[in-house]
Amino acid sequence: DLKVAGLTLPATSPLKVSAQGERGNVPEAGSDALDFDAFDDALQSTKDSLSMSDSLYCPEGHAPGTRTGVRIIADKGCGSRLAPDLVAYLDRAPKREPRSQPVTCYVLSTGGEGEFSGYAIEEVEEVMEDGSRVAVSVATVVVAGGEPTLERIVAGIELSVEGLEADAKEREEKKKAEETAE
């Protein structure tokens, strides 16, 4: 896919990224550091800007060491610079028909106008193949700024995956408690 886009393949794959130093720069929506309205405004503004972009780079795969799907949508400004490293960072996912992913990252190079980083986790209903509905959590990461860094994007992915895993564990414990009570 990188060759088709005219980009060079990364020298190292899988690419190990240390995002520990950036984790504090990517607050969760609903925390003291970031309210939901500010996150929603930044998300909408970023999506609007991405929709006006001449080209988008959309690496997709699993967060390293997990089976959690990640889709990164980046504009040409940072996508052409970061796409090879993002592809090398994500574990390859099996080829299949396109579908929504548990983690979606919106990455925008703003050319120096404003900077924003944050993530949100929300619960949505997913329709299963048998028609039943089940609650699942999904995460959205927004990284916008002059030149978004790989480490900041990875920090958002890591924090999101941790939050999704915690939500899944909480739902499972709640389900077991309900079954035990019956």
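Now for a quick tour of the structure. (Residues numbered from 1 in each chain as written. Predicted model: local features only at pLDDT ≥ 70, side-chain atom pairs only at ≥ 80, totals over all residues. Heavy atoms only, no water.)

1. A word on the pattern of salt bridges
Here is step 1: A full pass over the atoms with the stated rule returns seven salt bridges.
Here is step 2: One salt bridge connects Arg 171 with Glu 123, and the closest N-O pair in it is separated by 3.1 Å. Of this pair, Arg 171 sits in helix H3 (residues 150-181) while Glu 123 sits in strand E5 (residues 116-127), and the two are 48 residues apart along the sequence.
Here is step 3: Given the relative accessible area of 25%, Arg 171 is considered partly exposed.
Here is step 4: Residue class for Glu 123 comes out exposed when judged on its relative accessible area of 53%.
Here is step 5: Through salt bridges with shared partners, a single ionic network connects Glu 22, Glu 115 and Arg 152. (Salt bridge = Lys/Arg side-chain N within 4 Å of Asp/Glu carboxyl O. Helix = DSSP H or I, 4+ residues; strand = E, 2+ residues; numbered from the N terminus. Buried < 20%, exposed > 50% of the residue type's maximum accessible area, 1.4 Å probe, protein only.)

2. Let's talk about the side chain of Thr 68
Here is step 1: Considering the arrangement of structural elements, one finds Thr 68 in the loop between strand E2 (60-62) and strand E3 (69-75).
Here is step 2: Residue class for Thr 68 comes out buried when judged on its relative accessible area of 15%.
Here is step 3: Setting aside anything within four residues of it in sequence, one finds Thr 68 in contact with Gly 61, His 62, Ala 63, Pro 102, Val 103, Val 161 and Leu 164. (Contact = heavy atoms within 4.5 Å.)

3. Brief notes about the environment of Gly 118
Here is step 1: Secondary-structure assignment places Gly 118 in strand E5.
Here is step 2: A relative accessible area of 0% places Gly 118 in the buried class.
Here is step 3: Sequence separation of Gly 118 and Leu 34 is 84 residues, and the distance between their C-alpha atoms is 7.6 Å.

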